[in-house]
Every structure is written in structure tokens, then in C-alpha cells.
Amino acid sequence: MARIPPLQDADAGPEARAVLDEIRATHGRVTNMKRTLARAPAALRALMTWYDLRDQVIPFLGYRLTMLFAHAISAGTDCLVCSTFFRRILIEAGEDPDALVLSETERALVDYGRQLAVDANRVSDELFARLARFLSPAQIVELTAFGGMMIATNVFNNALQVDLDEYLFAFRPK
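Not measured: the values here are computed from a predicted model.

1. Examining the packing of helix α6 (residues 104-119) against helix α7 (residues 125-132)
A pair of packed helices can be characterised by two numbers: the angle between their axes and the separation between those axes. It is at 9 Å that the axes of α6 and α7 come closest, and there the two elements cross at 135 degrees. As the angle between them shows, α6 and α7 are arranged oblique. The hand of the α6/α7 crossing is left-handed. The residues of α7 that touch α6, namely those facing Arg107, Ala108, Leu109, Asp111, Tyr112 and Gln115, are Leu127, Arg130 and Leu131. Its residues assigned to classes, the contact of α6 with α7 shows five nonpolar, one polar and three charged.

Right, here's the structure in full:
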């Protein structure tokens, strides 16, 4: 049960309603997380920059690996909402999120995401070197910032116990 109920359109003030309408127009749906964030429109706008960073990372990682990275972080923080969201994406693409077959490069990205989620202070020199073999310093900066935004959304969902959206129920981990 969510600690703070998602904001319904009828209860939204003009600023929150404008942000929710923009999200609906851009993404087609407004999730429980975004409705909860809409209670503080500046907070919602801040976390929505996740999409801007994602759009910077996709050109050098590709869509699949970007989603694998975000899933690794979300699973590492034990965020039901976000990990299930990314499980859905992976499953709909024909993958089994519980039995991923990864290349060495993909494994480095997933390992980095998991380590960021668990304890960013413990990213080893070895793991960083694995990333640096195929990513430039600028790409590592963008990737890490993207990971930080992913962690922020996970923290938000976990701390406020945001309810899983119904459209994701079928994709929950077993």
C-alpha cells in the first residue's frame, strides 16, 4: 500500500495538471510513480530528466543494453516498480530477465549497474577498467549520471512504497 496516494487529475492544481497532461501526451500513460511525484511538480520535473539522460546513453549503448543497465540497477535496489517495468521491456523483446545471455561488454555494463545500486563507493578498479575498454570518459560520465537518476527513481518508489501499476502485474518476478 502506497504511503502517499497518487494524485488524481481531479485533485491536481494547475501546475501539476499541466505536467501530468504533458506526460500523458508524451508517454501515453501516467504511472503511479509520476502521479505521486505530481504532488510536487518540481520533483516530478527533476526525475523526468531521466528520459533526457536515457536519450544520451542510447546512441552509444543501444536500446537493449540501456534497458539491461537500468534493470540491473532497479533489481539491485530491489525496486519492484522499476525492476518490473524493465522486466516487461525485456520480456516483450523476447528475453528472459532471470536467465540473460550476455557478452563480455554487456556483462560489464550490468555489473556496473548492479554495483552502483548496491554500493557505488565499491566500484572496483577492475570493473571500471572493463567499462573504460569500450566507453569514453564522456560516455562513462553520461552513463553514471543516468544510473544515478535511475537510483533516485528507485529510492523514491521504495521509500514511499509506490504501488505497482496494474499493467505491470503480469511481469512481476516469480
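2. Here's the deal with the layout of surface pockets
There is about 450 Å³ of room inside the largest pocket. Lining the largest pocket are 23 residues, and of these Thr31, Lys34, Trp50, Tyr51 and Phe85 sit closest to its centre. Elements with a contribution of two residues or more to the lining of the largest pocket: α2 (32-37), α3 (41-61), α4 (63-76), α5 (80-92) and α8 (137-159). In terms of residue count, the dominant contributor to the lining of the largest pocket is α5 (six residues).

3. So, the side chain of Thr66
With respect to the secondary-structure elements, Thr66 resides in helix α4. Looking at Thr66, the relative accessible area reads 0%, which means it is buried. If near-sequence neighbours (up to four positions away) are discounted, Thr66 is found in contact with Arg54, Val57, Ile58, Leu61 and Phe146.

4. Here's the deal with α7
Two residues of an α-helix separated by three or four positions point the same way, owing to the 3.6 residues in each turn. Burial in α7 covers these residues: Leu127, Arg130 and Leu131. All buried residues of α7 fall inside an arc of 100 degrees around its axis, so they share one side. Packed against the buried residues of α7 are α6 and α8.

5. So, the nonpolar core
Ranked by internal contacts, the top residues of the largest apolar core, which has 46 residues, are Phe69, Phe86, Leu109 and Leu143. Mapped by element, the contributors of at least two residues to this core are α1 (14-27), α2, α3, α4, α5, α6, α7 and α8. Those residues in contact with Leu109 that lie beyond four places of it in its chain are Leu61, Leu65, Phe69, Leu131, Phe134, Leu135 and Leu143.

6. Focus: the pattern of salt bridges
Per the counting criterion, the structure on display carries 14 salt bridges. Across the pair Glu15 and Arg45 runs a salt bridge, and its minimum N-O distance is 3.1 Å. Highlighted residues: Glu15 in helix α1 and Arg45 in helix α3, separated in sequence by 30 residues. Residue Arg45 is classed as partly exposed on the basis of its relative accessible area of 40%.

The rules we used
- Residues numbered from 1 in each chain as written.
- Predicted model: local features only at pLDDT ≥ 70, side-chain atom pairs only at ≥ 80, totals over all residues.
- Heavy atoms only, no water.
- Axes fitted to C-alpha atoms, helices over the stretch in contact; angles between N-to-C directions.
- Helix = DSSP H or I, 4+ residues; strand = E, 2+ residues; numbered from the N terminus.
- Parallel < 35°, antiparallel > 145°, perpendicular 65-115°, else oblique.
- Left-handed = near helix turned anticlockwise from the far one by under 90°.
- Contact = heavy atoms within 4.5 Å.
- Nonpolar A, V, L, I, M, F, W, Y, C, P; charged D, E, K, R; others polar.
- 1 Å grid on protein atoms, 1.4 Å probe; cavity = no way out; pocket = protein on both sides within 12 Å on 5 of 7 lines; lining within 4 Å.
- Points joined across faces, edges and corners; volume = space filled by probe spheres on them.
- Buried < 20%, exposed > 50% of the residue type's maximum accessible area, 1.4 Å probe, protein only.
- Arc of directions from axis to C-beta.
- Core = buried A, V, L, I, M, F, W, Y, C linked by side-chain atoms within 4.5 Å.
- Salt bridge = Lys/Arg side-chain N within 4 Å of Asp/Glu carboxyl O.

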